[in-house]
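Notes for the structure review
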Amino acid sequence: MAPSKPKPSHKPVRHHRSSFRNTTTRRNRAKPPGTLTPPVGAAASELRIITYDAEHLSESESLTAPRRAVTWIDVVGLGSLELIKQVGDAFKLHPLALEDTLQPGQRAKVESYTDALFIVTRIAREVDGKLDIEQVAMFLGEDFVITFQERAGDCFDPVRERIRAGTGRIRKQGAGYLAYALLDAAVDAMFPLLEAYDDRLEAFDAQAFRSHDTTLMEEIHSVDRALVAVRRAILPLREAIVRLVRDQHPLLDGDVRLYLRDCQDHLTQMVDLLEGQRELARALREAHLSTLGFRSNEVMKVLTMIATIFIPLSFIAGLYGMNFDTQASPYNMPELSSPWGYPILIALMLSLAVGMLFYFRRKRWL
């Protein structure tokens with residue numbers, strides 16, 4: 001007889017998934033480089049164009065509007081692919097840079113192309129009590145700055161107000177200074193977030209040694225995770241700013257690089273503040289764990305002493321609870337026949353309990 005074939009296994013095949021997924025990147029890997037694909041669920045794109053020089057200013061939403069010395073095109077939303085292609089064609093933006101623009105989650109970086117600098121920055125802020133990190137892509141040309149934002153609501157309103165009011169140096173400088181002003185606004189917008197985390201950690205510090213609530217540990221861990229995410233956004237941005245300061249590029253003159261050094265200093269302060277906050281969060285977590293452990297030890301000590309006191313009392317109660325016949329023999333617990341047997345037994349048990357408590361007190365176990 002031919003040997004029987006083994007039965008096929010019907011065990012389910014387990015597919016291991018990575019914890020960190022980027023569906024946009026995976027989708028574009030199968031397509032040629034430079035293929036533009038809007039992110040899933042991206043909002044429709046809107047244009048906000050400001051063009052100005054020292055004496056004139058105009059705002060519009062059309063790419064065909066007349067341009068002046070400096071033009072700032074702000075694209076809000078990454079969902080309208082045709083509009084993004086029109087902007088790319090009008091200003092001859094490199095397709096690879098546009099591809100990175102449409103892939104949120106890029107690491108902050110600086111890339112140099114023939115006629116433009118491509119800068120990716122990340123802005124961290126809180127939205128509805130949750131940490132939100134948004135990617136902002138920026139193209140710097142000789143007379144233009146183009147910003148691509150994922151959604152509406154940004155930190156660039158102070159820059160817009162300075163342009164409209166004509167205050168400061170911004171209307172007298174070129175596109176490089178505008179790029180610096182936008183980067184500086186993006187960096188400064190993250191300081192309130194770190195200050196909010198600092199206030200929370202101070203509140204946790206006041207509760208760590210007094211609160212026995214386990215939810216405090218979850219809150220500390222949540223802040224620690226948020227600090228890690230902000231740190232991952234800030235460190236590459238600092239490296240990118242350092243590169244802008246160090247490398248000499250015709251689009252960034254010496255004065256702009258000096259201003260960028262101030263932006264670099266702000267990022268260094270933020271990194272130092274983040275490191276201190278993370279160390280404090282770890283210390284608070286350990287302190288709270290120690291407090292919870294100490295509390296548990298105190299409870300266990302009290303329960304152990306109660307059990308220790310009741311051990312001899314239970315022995316006495318069990319001994320006199322045995323069914324011996326006192327009439328069969330005078331040695332079968334004669335105390336059971338005594339009229340004072342019960343009060344004497346209760347007094348003995350109380351004296352034993354009080355004596356043990358006094359002994360524990362002298363030993364400083366209580």
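Residues numbered from 1 in each chain as written. Predicted model: local features only at pLDDT ≥ 70, side-chain atom pairs only at ≥ 80, totals over all residues. Heavy atoms only, no water.

Quick word on the packing of helix 8 (residues 254-319) against helix 9 (residues 341-362)
To characterise two packed helices, one gives the angle between the axes of the helices and the distance between these axes. Using the following cut-off: Lines are fitted to the C-alpha atoms to define the axes, a helix being fitted only along its stretch in contact, and any angle between axes, read from their N-to-C directions, falls within 0 to 180 degrees. The numbering of helices and of strands both runs from the N terminus, where a helix is a DSSP run of H or I of at least 4 residues and a strand a run of E of at least 2. Should an angle fall under 35 degrees it is called roughly parallel, over 145 degrees roughly antiparallel, and 65 to 115 degrees roughly perpendicular, with every other angle called oblique. When the near helix sits turned anticlockwise from the far one by under a right angle, the crossing is termed left-handed; a clockwise turn instead gives a right-handed crossing. Contacts are assigned to residue pairs with any non-hydrogen atoms lying within 4.5 Å of each other.
Where helix 8 meets helix 9, the closest approach of the two axes is 10 Å, and the angle between their N-to-C directions is 155°. It follows from the interaxial angle that helix 8 and helix 9 lie roughly antiparallel. Pair helix 8 / helix 9 crosses with right-handed handedness. Residues Met305, Thr308, Ile309, Pro312, Leu313 and Ile316 of helix 8 pack against Leu345, Leu348, Met349, Leu352, Ala353, Met356, Leu357 and Phe360 of helix 9.

Things to note about the pattern of salt bridges
Threshold: We count a salt bridge whenever a side-chain nitrogen from Lys or Arg sits within 4 Å of a carboxyl oxygen from Asp or Glu. Each residue's exposure class comes from its accessible area (1.4 Å probe, protein chains only) as a fraction of the maximum for that residue type: buried when under 20%, exposed when over 50%, partly exposed otherwise.
In total, this model carries 21 salt bridges according to the counting rule given. Linking Asp100 and Lys109 is a salt bridge whose minimum nitrogen-to-oxygen distance equals 2.9 Å. The same class applies to Asp100 and to Lys109, which are both buried. In this structure, Asp154 engages Arg160 in a salt bridge whose closest nitrogen and oxygen atoms are separated by 2.8 Å. On the basis of relative accessible area, Asp154 is assigned to the buried category, the value being 18%. Here Arg160 falls in the buried class, since its relative accessible area comes to 5%.

Considerations on helix 4 (residues 157-165)
Quick note on the threshold: Think of the arc as the fan of directions from the helix axis to the C-beta atoms.
Every buried residue belonging to helix 4 is among Val159, Arg160 and Ile163, and all of these are buried. Buried positions in helix 4, seen along its axis, are confined to an arc of 100° and lie on one side of it. The outward face of helix 4, more than 90 degrees from its buried face, is lined by the exposed residues Pro158 and Ala165. Where helix 4 is buried, its residues meet strand 1 (46-52), strand 2 (57-60), strand 3 (70-76), strand 7 (144-149) and helix 5 (175-188).

With respect to the side chain of Arg160
You can see Arg160 is positioned in helix 4. Each residue touching Arg160, except ones within four places of it in the same chain, is listed here: Arg48, Ile50, Trp72, Asp74, Gln149 and Asp154.

What to know about the side chain of Gln277
Definition in use: Here a polar contact means two N or O atoms within 3.5 Å. Within protein one must be a hydrogen donor candidate and the other an acceptor candidate, and residues neighboring in sequence count only if both atoms are side-chain atoms.
Counting through the fold element by element, Gln277 comes out in helix 8. A polar contact is formed between the side chain of Gln277 and the backbone oxygen of Leu194, at a distance of 2.9 Å. Discounting residues that sit within four places of it in the chain, Gln277 has contacts with Leu194, Tyr197, Asp198, Leu201 and Leu227.

Side note on the confidence of the model for the protein chain
Selection criterion: Known as pLDDT, the predictor's confidence for each residue is given on a scale from 0 to 100.
The predicted model of the protein chain averages 83 in pLDDT, with 91% of residues at 70 or higher. Per-element confidence in the protein chain is highest for strand 7, whose mean pLDDT is 96, and lowest for helix 1 (residues 23-29), whose mean pLDDT is 46. With pLDDT under 50 throughout, residues 1-27 is counted as low confidence; its partners more than four residues away or in other chains account for 12 contacts.

A closer look at the pairing of strand 5 (residues 117-127)
Here is the key point about a regular strand: its side chains alternate between the two faces of the sheet. The condition that has to hold: Two strands pair if DSSP finds at least two bridges between them.
The element strand 5 is largely enclosed, with a buried count of 8 among its 11 residues. Two strands pair when backbone bridges link them, and strand 4 (residues 109-112) and strand 5 are joined in this way by 4 bridges, in the antiparallel orientation. Across the sheet, Lys109 pairs through a bridge with Val120, a residue of strand 5. Hairpin geometry of strand 4 and strand 5 is characterised by an intervening segment of 4 residues between the two adjacent antiparallel strands. Sheet topology places strand 5 next to strand 6 (residues 130-140); 11 bridges connect them, and they run antiparallel. Along strand 6, the bridge assignment pairs Arg122 with Gln135. The hairpin formed by strand 5 and strand 6 contains 2 residues between the paired strands, and Asp128 there has a positive phi angle of roughly 55°.

Describing the nonpolar core
Going by this rule: Only buried residues count toward a nonpolar core. Its members are Ala, Val, Leu, Ile, Met, Phe, Trp, Tyr and Cys residues joined through side-chain atoms within 4.5 Å.
Within the largest apolar cluster, 61 residues are counted, with the highest numbers of intra-cluster contacts made by Trp72, Val145, Phe156, Val159, Leu178 and Leu244. Considering every element that reaches this core, the biggest residue donor is helix 7 (residues 215-246), with 13 residues. Here Phe156 is in contact with Trp72, Ile123, Val136, Gln149, Leu182, Ala185 and Ala186, once residues within four sequence places are set aside.

Digging into the packing of helix 5 against helix 8
Going by this rule: We call Asp, Glu, Lys and Arg charged. Ala, Val, Leu, Ile, Met, Phe, Trp, Tyr, Cys and Pro are nonpolar, and the rest, Gly among them, are polar.
Across the interface, helix 5 lies against helix 8 with an axial gap of 10 Å and an inter-helix angle of 10°. The orientation of helix 5 relative to helix 8 falls into the category roughly parallel. Each of Gly176, Tyr177, Tyr180, Leu183, Asp184, Val187 and Asp188 in helix 5 lies in contact with helix 8, whose residues at this interface are Val256, Tyr259, Leu260, Asp262, Cys263, His266, Leu267 and Met270. Residues belonging to the contact of helix 5 with helix 8 are distributed by class as follows: 10 nonpolar, 2 polar and 3 charged.

Quick word on a negative patch on the surface
Definition in use: Like charges are joined within 9 Å and nonpolar side chains (Val, Leu, Ile, Met, Phe, Trp, Tyr) within 5 Å, but only among residues with over 30% relative accessible area and no salt bridge; these make up the patches. Computed with a 1.4 Å probe, the accessible areas rest on the Shrake-Rupley method; for each residue, only the protein chains presented here act as cover. Two residue types count as positive, namely Lys and Arg, and two as negative, namely Asp and Glu; His and chain ends fall outside the count. Charge placement uses NZ in Lys and CZ in Arg. For Asp and Glu, CG and CD serve respectively.
A cluster of acidic residues, Glu195, Asp199, Glu202 and Asp205, forms a negative patch at the surface. Tracing the sequence through the fold places Glu202 in helix 6 (residues 191-208).

So, the sheet that holds strand 4
Taken in spatial order, the 7 strands line up as 2-1-3-7-6-5-4 in an open sheet, and their pairing is mixed. Every other strand in the sheet has two partners, leaving strand 2 and strand 4 as the edge strands with one partner each. For this sheet, the mean inter-axis angle between neighbouring strands, taken without regard to orientation, is 15°. As paired elements, strand 1 and strand 2 share 4 bridges and run antiparallel to each other. Pairing of Ile49 across the sheet is with Ser60, part of strand 2.

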